[in-house]
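Architecture at a glance
Residues per chain, in single letters:
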Amino acid sequence: MVRCNSVSFRKFGNFIDKLRLFTRGGSGGMGYPRLGGEGGKGGDVWVVAHKKMTLKQLKDRYPQKRFVAGEGANSRVSALKGSRGKDCEILVPVGISITDENGKIIGELNKENDRILVAEGGLGGKLLTNFLPLKGQKRVIHLDLKLIADIGLVGFPNAGKSSLLSQISHAKPEIADYAFTTIKPELGKIMYKDFKQISVADLPGLIEGAHMNKGMGHRFLKHIERTKQLLFVVDISGFQLSYKTQYRSAFETIILLTKELELYKEELQTKPALLAVNKMDLPDAQNKFHVLMNQLENPKDFLHLFEKSMIPERTMEFQHIIPISAVTGEGIDELKNCIRKSLDDYADQENDAYHKKQLLKLQISNTITYSEPLSNNAVTSSRMDII
């Protein structure tokens, strides 16, 4: 296959989640007017999902900045039908959204070996083109990576998401005591005794105003979109980004996280969600947890403490609330069991909804079939039988 390259990229640390590429389909081959020969069609440019590929590898591997497919062969006496040009395949990670220069979505690659045509090769010369070949399609495309995971961790910086990920999976994220510990998405897998695997994405920490692209803003929020469920992780002692910012209690943290999701995309609030209350090993954590549970059971009684702009239209309803300590391991097994149960329940609901939809289609189809009037031939035949 012919391979070519990226024009520009955006990165955070060594992690790249955006690439801008130039692509061009191959030109067609010349026709042969005297004998009516047709030139070969130019090759196409395809984007293909590959689970072991990253956008950084793509950028590093092909520095020529262009992806151009092969040209179709000219028609000749020994081969009146010219051979087709070679396709160009751009290998990308799973979870890529492709848009054109105007922001129009071309397609998405959500599983291994998904492929999308991004630039078509030109037709070879033939009678309709006066035997002159056509040039291939030129297109600038944007690749935008959105991680696909079963569970997405949601929390402010230093909530302990990286520590939690290392506890529940085999991932080894960098862990330190400073804002924005996680500077790139980390993926881990929870392994169960029956060999069931659940993928978990730890994403860069949110801050207030993330929906307006403050902090990591949209760089974080876009990755949540493709997770099946959310796992909120909050520090039982609350959160304060720096001495210049306001301290927020655990309850305030949950309200603000919910508001950030709502302001970015309301649909995120409809995802099933769990809550892990972290750092339960700290002094007075139990008393604070009882206070938090009371606030979560009666959230409307405490919303008057917030500015109007901070209050979400709807508060999150958590399927499970689990007190944990990512340091001591307290509650980790229970959390893993709750994650599994929640995903299994979600899968059952999806299956039920699918079967109901299929049953409804079948009922509608049968209704239409039985309600169809008899054709003229059928009526005539019936009368002949009577006679």
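Scroll up a little and you will see the structure.
So, here's what we can say about the structure. (Residues numbered from 1 in each chain as written. Predicted model: local features only at pLDDT ≥ 70, side-chain atom pairs only at ≥ 80, totals over all residues. Heavy atoms only, no water.)

Considering the sheet that holds strand β11 (residues 186-191)
Within the open sheet, the six strands sit side by side as β11-β12-β10-β13-β14-β15. Their pairing is mixed. Each of the sheet's edge strands pairs with one partner strand only, and the pair in question is β11 and β15 (318-323). Each strand axis lies, on average, 25° off the axis of its neighbour in the sheet, ignoring direction. The strands touched by helix α2 (residues 161-168) within the sheet are β10 (149-154), β11, β12 (197-202) and β13 (227-235), with β12 carrying the most contacts at an inclination of about 165°. Sheet contacts for helix α5 (residues 285-297): β14 (273-278) and β15; angle to β15, the most-contacted strand, approximately 170°. (Pairing = 2+ DSSP bridges. Helix = DSSP H or I, 4+ residues; strand = E, 2+ residues; numbered from the N terminus. Axes fitted to C-alpha atoms, helices over the stretch in contact; angles between N-to-C directions. Contact = heavy atoms within 4.5 Å.)

Digging into the pattern of salt bridges
The final tally for this structure, using the stated rule, is 19 salt bridges. Note that Asp60 is salt-bridged to Lys56, the shortest N-O span being 2.8 Å. With a gap of four residues between them, Asp60 and Lys56 both fall in helix α1 (residues 55-61), about one helical turn apart. Judged by relative accessible area, Asp60 falls into the partly exposed class, the value being 42%. For Lys56, a relative accessible area of 31% translates into the label partly exposed. In this structure, the salt-bridge partner of Lys111 is Asp114, at a minimum N-O distance of 3.3 Å. Its relative accessible area of 53% is what places Lys111 among the exposed residues. (Salt bridge = Lys/Arg side-chain N within 4 Å of Asp/Glu carboxyl O. Buried < 20%, exposed > 50% of the residue type's maximum accessible area, 1.4 Å probe, protein only.)

Looking at the packing of helix α4 (residues 250-264) against α5
The geometry of α4 relative to α5 is characterised by a closest axis approach of 9 Å and an angle of 40° between their N-to-C directions. If you check the angle between α4 and α5, you find them oblique. On the side of α4, the interface is formed by Ala250, Phe251 and Ile254, while α5 contributes Leu292, Gln295 and Leu296. Considering only residue class, the contact of α4 with α5 consists of five nonpolar, one polar and no charged. (Parallel < 35°, antiparallel > 145°, perpendicular 65-115°, else oblique. Nonpolar A, V, L, I, M, F, W, Y, C, P; charged D, E, K, R; others polar.)

Some details on the sheet that holds strand β3 (residues 45-49)
One open sheet accounts for three strands, arranged β5-β3-β8; its pairing is mixed. In this open sheet, the two strands that pair with only one neighbour each are β5 (88-92) and β8 (115-119). Averaged over all neighbouring strand pairs, the angle between strand axes comes to 30°, with direction disregarded. Pairing geometry for β3 and β8, over four bridges, is antiparallel. Bridged to Val48 within β8 is Arg115.

Notes on a nonpolar patch on the surface
A surface patch of nonpolar side chains, amounting to about 250 Å² of accessible area, comprises Leu35, Val77 and Leu80. One can find Val77 in the loop between β4 (66-68) and β5. Val77 gets classed as exposed once you look at its relative accessible area, which sits at 57%. (Patch = residues over 30% accessible without salt bridge, like charges linked within 9 Å, V, L, I, M, F, W, Y side chains within 5 Å. Areas by Shrake-Rupley, 256 points an atom, 1.4 Å probe, with all protein chains shown as cover.)

Here we look at α2
Extensive coverage of α2 is indicated by the burial of six of its eight residues. Along α2, the residues that are buried comprise Lys161, Ser162, Ser163, Leu164, Leu165 and Ile168.

Here's the deal with the side chain of Thr99
Examined against the element boundaries, Thr99 turns out to sit in strand β6 (residues 96-100). The contacts of Thr99, once residues within four sequence positions are left out, are Lys104, Ile105, Ile106, Val140, Ile141 and His142.

A word on the environment of Phe251
Checked against the element boundaries, Phe251 lands in helix α4. A residue is classified by how much of its surface remains accessible, and Phe251, at 3% relative accessible area, is buried. In the structure, Phe251 is positioned 44 residues away from Gln295 in sequence and 7.0 Å away in space, judged by C-alpha atoms.

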